[in-house]
Amino acid sequence: MKKNLHTSIVVLAFSFSAFAQFTVSRTDGTPVNNGQTLTFNSIVYAQSSLALKINNTSMGAINLRMMCQSMTNTDGQLMEVCFGPDCYATTSVNQIFPAINVGPVNIALGSVDTSSHFFNNDIGISTTTPVDYVFKIYQVNGLGAQIGTPFIFTYRYDASLSINTNNLLNAKSVNLKSTTVENNLDIEVNLRSEFTIYDLNGKLVLANKLENGVQSIDISNLSSGLYLIKFTDSKGDASSLKFIKK
């Protein structure tokens, strides 16, 4: 009888461990659901930064790792990921966080981990397809093997959701005269603003301030191609637009 009771306890303990024993939310407390896609329309840090909280809901301490399961329309060279004690400047498929030689993230009973942070600065290989990173957060046992139910979410950058028409821009702070230009971007500025220009690789190529009135941005040193220009006015409102440099 004692042997059967002991066996029942072991089986019960294993059953509890077979389910996810943590929850995930944004730092403001907004829950993030398993399988959810979190979409961003900007590659600028303040607008594209994602910070998560992981809450230990189990009956003891848990150890967690994370893996990048897949990527779409990106090579991961402009995706910063923080998980645990370290941050990684680039991301690749099947990459594990933290690195195996570092050890998993340990969350004590009743505690919350706030080390998870993500920031994409890549507008994508194609500007017509969203940039997706699929991550899996999972619990591991003392041998490092996955246990329980993993938590999967997608970080997405969708350029099509950006504010990218002259009318919307004009309703905010600026009016771009043309989206196909040679040497100068002619702009009518309604509110003092700052601008940043990014190339197709998400690299910042030009930035400056704009005063009120009609102004011209010299882009003669830029190579021909498609660019993204981002405006942030003195109120903190942001607008973005793609343009072609001949």
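Shown above is the structure to which this text applies.
Calculation notes
- Residues numbered from 1 in each chain as written.
- Predicted model: local features only at pLDDT ≥ 70, side-chain atom pairs only at ≥ 80, totals over all residues.
- Heavy atoms only, no water.
- Pairing = 2+ DSSP bridges.
- Helix = DSSP H or I, 4+ residues; strand = E, 2+ residues; numbered from the N terminus.
- Disulfide = S-S within 2.5 Å.
- Buried < 20%, exposed > 50% of the residue type's maximum accessible area, 1.4 Å probe, protein only.
- Phe/Tyr/Trp six-rings, centres within 6.5 Å; stacked < 30°, edge-to-face > 60°.

Student: Please clarify how the sheet that holds strand 20 (residues 238–245) should be interpreted in this entry.
Tutor: Remark on secondary structure: sheet strands pair via backbone hydrogen bonds, oriented parallel or antiparallel. Strand order in this open sheet of 5 strands is 14-20-19-16-17, and the pairing throughout is mixed. Among the strands making up the open sheet, the edge pair consists of strand 14 (180–181) and strand 17 (204–210). Bridge count for strand 14 against strand 20 is 2 bridges, and the pairing is parallel. Directly across from Thr 180, in strand 20, lies its bridge partner Ile 244.

Student: Can you walk me through the state of the cysteines in this structure?
Tutor: As used here, a disulfide is simply a covalent bond connecting the sulfur atoms of two cysteines. One pass over the structure, following the stated rule, counts 1 disulfide. A disulfide bridge connects Cys 82 with Cys 87, and the sulfur atoms are separated by 2.0 Å. Note on the Cys 82 and Cys 87 pair: the S-S dihedral is about 110 degrees, so by sign convention the disulfide is right-handed. The class of Cys 82 is buried, set by a relative accessible area of 6%.

Student: Just checking my understanding: could you explain the packing of aromatic side chains for this structure?
Tutor: Applying the stated criterion to the full structure yields 10 aromatic pairs. Ring centres of Phe 118 and Phe 135 lie 5.1 Å apart, and the angle between their planes is 50 degrees; on these two criteria the pair is classed as tilted. Of this pair, Phe 118 sits in strand 10 (residues 112–120) while Phe 135 sits in strand 11 (residues 131–140), placing them 17 residues apart in sequence. For the pair Phe 118 and Phe 135, one class covers both residues: buried.

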